[in-house]
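A look at the structure
Below are the chains, spelled out letter by letter.
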Amino acid sequence: MKLNYQKISIAFIAFLLIVSGALSVNNYSAQAAQGDSVKLGTVVKRTLDADGMDYFQFTSTKKQTMKLSFKDAGKKAIGLAVVKGLTAKQIEQLEQETISDAEFEKLLDEVKVVALIDNMKGEDSIGQHTAYVGLQKGTYFVMAIGEAAEVKKYGNAYSVSLAKSTKKYVEYESNDTRAKATAMQRSKVYEGSLAFLFDDVDYYKVQVPTTGKLVLKASTKKRADFSMNIYDAKKKKLKKTTTKSGNHYVTTASVKKGTYYVRVSGDAYDEFLLHYQLKAYVTTATPKASVANKKGTKNDRIKVTGVKKGDTVIVYADAKKKKVIAKKKATSSTVTFKTTKLSDRGGKVYVTAKNNVLYTSSTKSVTYKKVK
């Protein structure tokens, strides 16, 4: 297959040119090949060369999360990319210009851009100044690119923080196959990104505890064509329903108890990297409810059926589910509430059933009449 050079971004071409020695980068080109490493969990002070470029490497000794951010970049506009998948042998081949076309194509398949941030403003920015990066065990390269004119005007010094983070809910590249899927905890918001230079896709694994609907909610930093597909353990693609509102997406599919895989893909038009947030949870069948609104507050009753033992049944006074009327843990399939919070004029209540955040039922809306 012939390389699609138009698809390769200027940033990545610059990176390949740097490590191949085709561009001068003061003393960092030689040092990086020899292991110009920095420590994870530190603030790194660096300098850009006259062309506004620099790169270095660090090693992650285990699976963990890094918070990547600029510590000081002054007035310079700088972009940072964290890259995984390059080896010492490949760098040597690039430096000696001995890499073949086939090996170069393989390189593009194996290399992953796992994070991209900048300190720019307005439309020039990708909209991401800090990134939480899921690191696997291994070596990563950090590439910095700035404007040569600004380097000349404002100086070449900059510093970046490679802080260790306790944030758990991030994707771990490369998660571009089912075998390498990032395991998700339901109802937690995950940070992820797609690198379009490499036709990147992301896979997540979700354990479904009971029959219901698997709901995926996602939002993107930029305008994009964003897609989520769901597969069962036998690789069967499930029928889905998707709604979109601005940069927000909701995809649902009917599921049974078991393991499922979510494939995230998309296109951000002229953007190199698309950041997104993703949450998965399961909704179960809507419970049934009846309301007896009688004269005198002591006689009001709300009866909920069709729940499971152990479910927490909650009755709300509003559709946004902010005002709780009553709450009780089910000891059987039926829960009855005595309440003093119904209106004599009539109204609506909203009922859900939750089970230890494993799943949430769809909301049941019940209209009750005014007292007679």
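All of these numbers come straight from a predicted model, not from anything done at the bench.

Conventions adopted
Residues numbered from 1 in each chain as written. Predicted model: local features only at pLDDT ≥ 70, side-chain atom pairs only at ≥ 80, totals over all residues. Heavy atoms only, no water. Helix = DSSP H or I, 4+ residues; strand = E, 2+ residues; numbered from the N terminus. Buried < 20%, exposed > 50% of the residue type's maximum accessible area, 1.4 Å probe, protein only. Areas by Shrake-Rupley, 256 points an atom, 1.4 Å probe, with all protein chains shown as cover. Salt bridge = Lys/Arg side-chain N within 4 Å of Asp/Glu carboxyl O. Phe/Tyr/Trp six-rings, centres within 6.5 Å; stacked < 30°, edge-to-face > 60°. Lys NZ or Arg CZ within 6 Å of the ring centre and 35° of its normal. Pairing = 2+ DSSP bridges. Axes fitted to C-alpha atoms, helices over the stretch in contact; angles between N-to-C directions. Contact = heavy atoms within 4.5 Å. Patch = residues over 30% accessible without salt bridge, like charges linked within 9 Å, V, L, I, M, F, W, Y side chains within 5 Å. Lys, Arg positive; Asp, Glu negative; His and termini not counted. Charge placed at Lys NZ, Arg CZ, Asp CG, Glu CD. pLDDT = per-residue confidence, 0-100.

1. Section: the overall build of the protein
Counting its regular elements, the protein contains five helices and 26 strands. Within the protein, buried positions represent 48% of all 372 residues. Of the roughly 19,500 Å² of accessible surface on the protein, 48% is carried by carbon and sulfur atoms.

2. Some details on the pattern of salt bridges
Under the definition given, this model contains one salt bridge. Put simply, Arg46 and Asp54 hold a salt bridge, and the shortest N to O gap is 3.0 Å. Taken individually, Arg46 and Asp54 each receive the classification buried, so the pair is uniform in this respect.

3. Description of the packing of aromatic side chains
All told, the structure shown has five aromatic pairs when counted by the stated rule. Seen in terms of ring centroids, Tyr190 and Tyr204 are 6.4 Å apart; in terms of plane orientation they differ by 70°. Their pairing is edge-to-face. With Tyr190 in strand β11 (residues 190-195) and Tyr204 in strand β12 (residues 202-208), this residue pair connects regions lying 14 residues apart in the sequence. Note on Tyr190: relative accessible area 3%, which makes it buried. Taking the centre distance of 5.2 Å and the plane angle of 45° together, the rings of Phe226 and Tyr249 count as tilted. Of this pair, Phe226 sits in strand β14 (residues 225-232) while Tyr249 sits in strand β16 (residues 248-255), and the two are 23 residues apart along the sequence. For Tyr249, a relative accessible area of 4% translates into the label buried. One aromatic cluster is present, built from ring pairs that chain together Tyr169, Tyr190 and Tyr204. Just above the ring of Tyr172 sits the side chain of Lys63; from NZ or CZ to the centre is 4.4 Å. The residue whose ring lies beneath Lys167 is Tyr132, and the NZ or CZ to ring-centre distance is 5.0 Å.

4. Re the pairing of strand β3 (residues 53-60)
Of all eight residues in β3, seven are buried; the element is thus mostly enclosed. Relative to β3, strand β1 (residues 37-38) runs parallel, the two sharing two bridges. Opposite Ser37, over in β3, you have Gln57 as the bridge partner.

5. So, the sheet that holds strand β2 (residues 43-47)
Pairing is antiparallel across the open sheet formed by four strands, whose spatial order is β2-β9-β4-β7. With one partner strand each, in any of the chains shown, β2 and β7 (130-135) form the two edges of the open sheet. Each adjacent strand pair in this sheet contributes to an overall mean axis angle of 25°, direction not counted. Sheet analysis places strand β4 (residues 64-72) next to strand β9 (residues 157-165), joined by seven bridges and oriented antiparallel. Residue pairing for β9: Ser69 is matched across the bridge by Ser161.

6. A closer look at the environment of Asp176
Relative to the helices and strands, Asp176 is located in the loop between β9 and β10 (182-183). Along the primary structure Asp176 and Asp202 are separated by 26 residues, whereas in three dimensions their C-alpha atoms are 4.8 Å apart. Here Asp176 is in contact with Lys112, Asp200, Val201 and Tyr203, once residues within four sequence places are set aside.

7. As for a positive patch on the surface
A surface patch of like charges, here positive, comprises Lys217, Lys321, Lys327 and Lys354. Tracing the backbone through its elements, the reader meets Lys217 in strand β13 (residues 212-220).

8. Overview of unusual backbone geometry
A cis geometry characterises the amide bond from Glu173 onward to Ser174, with omega recorded as 0°. Mapped onto the elements, Ser174 comes out in the loop between β9 and β10. Phi angles above zero are rare outside glycine, and Ser187 is one such case at about 70°. Tracing the chain through its elements places Ser187 in the loop between β10 and β11. The phi dihedral of Lys235 is positive, around 70°, even though this residue is not glycine. For Lys235, a relative accessible area of 59% puts it in the exposed group.

9. Description of the confidence of the model for the protein
Considering every residue of the protein, the mean pLDDT works out to 82; 83% of them sit at 70 or more. Of all secondary-structure elements in the protein, the lowest mean pLDDT belongs to helix α2 (residues 28-33), at 34, while β16 reaches the highest, 97. Here residues 1-35 is modelled with pLDDT under 50, and outside its nearest four sequence neighbours on either side it reaches 65 contacts, counting other chains as well.

10. A few points about the environment of Asp199
Looking at where Asp199 falls in the secondary structure, it is placed in the loop between β11 and β12. Measuring from C-alpha to C-alpha, the distance between Asp199 and Gly266 comes to 8.9 Å, with 67 residues separating the pair along the chain.

11. Focus: the sheet that holds strand β17 (residues 258-267)
Hydrogen bonding along the main chain pairs the strands of a sheet, whether they run parallel or antiparallel. Read from one edge of the open sheet, four strands run β10-β12-β17-β14, paired in mixed fashion. Of all the strands in the sheet, just β10 and β14 have a single pairing partner and so form its edges. In the sheet, β10 pairs with β12 via two bridges, with the strands oriented parallel. Residue pairing across strands places Ala183 opposite Lys205, the latter belonging to β12.

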